[in-house]
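Structure assessment
Take a look at the letters that make up each chain.
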Amino acid sequence: MREKAMKRTGARFWGRLTKEPLFAFFSLTFFTVFFCAVFVSLLSPPPALASSFDIFQFEGPRMKDLYYPVIRDMDAQLLAMSTGKLDVLSDIYRPADIRRLSESGGVELSLAPTFHSFMITFNTRKFPWNRVELRQAAAQVVQRRQWTRDLFSGYCEPLTTYLPPVSPWCDPSPEELPQGMEAARSRLASAGWTWDRFGRLIAPDGQPVPPTKILCPPSSVAATTTEIAQLMADALNELGLPVEAEPIDFQTMLARVDRHDFDACTNAWTMSRDPDVLYAFYHSSMDVEGGYNLSGIADPELDGVLAGLRYAPDEAAARVRALEAQKLLCRLVPVAPIYSRYSVAAIRSDWNGVFTTERSTSDNMLTLISMTPKEGPDRPIYWNIPEEIRTLNPFVSTTAYDWTVLGTIYDSMLSVDPWTFEDVPWLAESWDITTGEKGSVLTFTLRDGLKWQDGRPLTVEDVAFSLGYIKDRNIPRFYDSVKDIESIEVDKDSRILRVALANTSYWHLHNIGGMPVLPKHILENVPDWRAWQPTLRIHSALDGTEMTELIGTGPFTFRESRTGEYVHMTRNEHYLLYAPAAVSTPSARAVSDAVSIMMN
């Protein structure tokens with residue numbers, strides 16, 4: 001499973017920390033009944049929701065210490081939850097685990113459809129996956145309905161579209177290819193492919209298909225992902241392609257895929273709320289090392305449609321282009337969509353402050369800052385991370401696990417209503433958009449009194465420097481959000497930032513307003529963004545305490561990371577929602593006991 005975070009277009013979302021939305025929660029007692037009700041509701045379009053969401057009704061963080069224990073083994077995660085050594089567990093996807101937790105007591109579960117998409121990505125840069133008819137045939141032998149039924153028992157839905165079904169931009173009538181082995185063989189035969197006497201495929205130019213591999217993480221990390229890779233390899237072998245599933249270390253796999261050193265691989269993405277994410281995934285300009293276009297698809301017609309989507313002037317034009325792009329992708333098949341997972345999260349029932357909506361499970365940012373023990377002294381929060389942190393350099397971090405930590409550190413100018421997914425103010429208290437013949441201008445007004453975690457003031461100069469730093473260095477992970485910036489002006493006294501863009505796009509507000517904001521006084525001393533290791537560079541706060549260069553405005557401050565063990569964070573008392581009167585100081589004994597529990 002390659003779980004990446006689409007931070008690029010994501011304003012702070014008050015839903016899941018890994019930026020996955022949609023849900024409905026239920027008490028343990030009514031698990032079965034409620035799940036059935038939710039499942040039925042997913043079959044119909046969600047009703048329009050009205051919201052009077054006010055983020056300032058929340059105060060926190062209330063707990064001083066936050067630990068992210070790294071527990072990779074799923075059975076160990078369940079044991080830790082049932083014994084109270086973990087407080088929050090996300091991404092529970094095995095039906096047996098959900099049943100086990102629902103029967104264990106002391107845990108509340110929540111469930112929601114998400115923007116998650118799992119797929120097999122083909123490397124279209126080289127033979128044999130540079131042949132579109134072969135990719136189409138491969139997609140035809142995917143038995144996604146049977147695989148998801150057998151592996152997930154209804155906690156996922158088969159995926160045939162390039163945006164997840166929960167997205168309001170998803171194509172409601174995708175052009176599905178005829179399914180089955182015979183349909184796939186017929187497609188290849190009509191395109192001039194043949195089979196030798198051993199059943200091996202021969203290309204129309206007489207070139208035999210070479211042995212290839214599907215990279216996937218090992219079963220100890222993602223058992224169902226490994227199994228799907230094997231099922232896909234078996235189906236392709238039956239079609240005549242000598243394919244093996246190759247489970248390898250997850251971090252090694254990510255590095256190879258980023259270098260384009262693969263034939264095919266498994267991928268899981270959490271999409272953003274906007275459909276122009278398709279531009280990042282499939283436009284040829286995004287085919288760079290470390291970029292999002294992992295398949296390397298490069299098609300002039302697709303590029304034109306995606307550019308039209310990326311620069312749609314209004315919603316109507318965006319909807320036309322979004323549908324066109326999805327239909328083209330169904331024909332070009334740079335990836336084979338497999339399934340979209342529902343989010344299932346568990347939280348210990350001895351905590352107050354759990355926040356859920358009809359579109360967010362309990363493992364969200366508002367829960368994190370609001371959590372307080374129902375009984376006894378305050379104590380640290382233990383929030384599981386199921387995979388080792390790869391890097392905490394925000395310019396190169398891509399996995400959802402990295403961004404689970406980074407998401408508690410960095411903020412953006414806009415936030416997202418957890419009920420409606422509409423924009424709400426965050427670091428920016430207001431904004432305005434003007435358009436003209438020569439492009440558009442976004443004008444943001446920052447809140448007064450913002451501070452970094454080291455106590456220094458956050459100003460519009462920080463935001464301008466962050467945007468300029470990323471644009472000037474062409475940082476791939478964020479570049480498509482900033483590449484159209486022509487100029488940035490600031491008025492420090494009135495806290496106004498003006499961003500002039502070379503064109504008009506329906507998505508510019510989200511792309512600019514959703515960018516993580518980094519401190520100028522740190523960034524201006526980072527000459528090499530690729531090699532930057534902010535957690536290893538010591539920095540002094542205004543109060544004289546030491547912290548690292550991993551500084552933002554989020555609710556928790558980074559303190560320590562121990563490989564294979566945990567990441568330790570502490571409460572940011574400069575946070576926008578922090579209210580000293582609303583929190584109490586945890587006893588020294590409580591913290592000491594908690595650390596002891598985790599280390600043992």
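Described in the following lines is the structure provided in the data block. Model, not experiment: these values are computed from the prediction. (Residues numbered from 1 in each chain as written. Predicted model: local features only at pLDDT ≥ 70, side-chain atom pairs only at ≥ 80, totals over all residues. Heavy atoms only, no water.)

**Considerations on the nonpolar core**
Phe122, Ile214, Met232, Leu236, Leu241, Leu278 and Tyr282 are the most contacted members of the largest nonpolar core, which totals 84 residues. Excluding residues that lie within four positions of it along the chain, Ile214 makes contacts with Ile120, Ala229, Met232, Ala233, Leu236, Val243, Glu244, Ala245, Glu246, Ala264, Cys265 and Thr266. (Core = buried A, V, L, I, M, F, W, Y, C linked by side-chain atoms within 4.5 Å. Buried < 20%, exposed > 50% of the residue type's maximum accessible area, 1.4 Å probe, protein only. Contact = heavy atoms within 4.5 Å.)

**Brief notes about the sheet that holds strand E4 (residues 65-69)**
If you walk across this open sheet you meet the four strands as E18-E4-E28-E27, and the pairing is mixed. Looking along the sheet, the strands with just one partner apiece sit at the ends: strand E18 (381-382) and strand E27 (556-562). As paired strands, E27 and strand E28 (residues 566-571) are joined by six bridges and run antiparallel to one another. In the strand pairing of E28, Thr557 is matched with Thr570. (Pairing = 2+ DSSP bridges. Helix = DSSP H or I, 4+ residues; strand = E, 2+ residues; numbered from the N terminus.)

**A short note on the pattern of salt bridges**
Taken as a whole and assessed by the stated rule, the structure comprises 27 salt bridges. Across the pair Arg256 and Glu246 runs a salt bridge, and its minimum N-O distance is 4.0 Å. With Arg256 in helix H8 (residues 250-258) and Glu246 in strand E12 (residues 243-247), the pair connects residues that are 10 residues apart, well separated along the chain. Within the structure, one salt-bridge network assembled from shared partners comprises Lys213, Glu246, Arg256, Arg259 and Asp261. (Salt bridge = Lys/Arg side-chain N within 4 Å of Asp/Glu carboxyl O.)

**Topic: the packing of aromatic side chains**
Aromatic rings in a pair are described by how distant their centres are and how their planes are angled relative to each other. In total, this model carries 22 aromatic pairs according to the counting rule given. Look at Phe281 and Tyr282: their rings are 5.9 Å apart centre to centre, the planes differ by 45°, and that puts the pair in the tilted class. A relative accessible area of 5% means that Phe281 is categorised as buried. Overall, the relative accessible area of 3% leaves Tyr282 in the buried class. Residue placement shows Arg310 over the ring face of Tyr279; its charged tip is 5.7 Å from the ring centre. One residue, Arg477, lies across the ring of Tyr292, its end atom 5.6 Å from the ring centre. (Phe/Tyr/Trp six-rings, centres within 6.5 Å; stacked < 30°, edge-to-face > 60°. Lys NZ or Arg CZ within 6 Å of the ring centre and 35° of its normal.)

**Considering the environment of Tyr339**
Positionally, Tyr339 belongs in strand E14 (residues 335-341). According to the relative accessible area criterion, Tyr339 is buried, its value standing at 0%. Separated by 175 residues in the primary sequence, Tyr339 and Pro164 place their C-alpha atoms 8.7 Å from one another. Non-local contacts of Tyr339, meaning those with residues more than four positions away in its chain, are made with His116, Ser117, Phe118, Thr148, Phe152, Cys156, Glu157, Pro158, Leu159 and Ile228.

**Observations concerning the sheet that holds strand E22 (residues 439-446)**
Taken together, four strands build an open sheet; the order of strands is E21-E22-E24-E23 and the sheet is antiparallel. Edge positions in the open sheet fall to strand E21 (428-436) and strand E23 (485-491), since each of these has one partner strand only. Geometrically, the sheet is characterised by an average inter-axis angle of 15° between neighbouring strands, direction not taken into account. Note that E23 and strand E24 (residues 496-501) share six bridges and pair antiparallel. Residue pairing in the sheet places Ile485 in a bridge with Leu501 of E24. The strands that helix H14 (residues 460-472) touches are E22, E23 and E24; relative to E23, the one it contacts most, it runs at about 165°. (Axes fitted to C-alpha atoms, helices over the stretch in contact; angles between N-to-C directions.)

**Topic: the pairing of strand E7 (residues 116-122)**
Within a regular beta strand, the side chains point alternately toward one face of the sheet and then the other, so they alternate between its two faces. For E7, the tally of buried residues reaches seven of seven residues, placing the bulk of the element in the interior. Residue alternation in E7 divides its side chains into two sets, His116, Phe118, Ile120 and Phe122 and Ser117, Met119 and Thr121, and both sets are buried. With seven bridges joining them, E7 and strand E13 (residues 264-270) adopt antiparallel strand pairing. Each bridged residue has a counterpart across the sheet, and for Met119 the counterpart in E13 is Asn267. Judged from the four bridges that link them, E7 and E14 form a sheet pairing that is antiparallel. Looking at E14, one finds that Thr121 is bridged to Val335.

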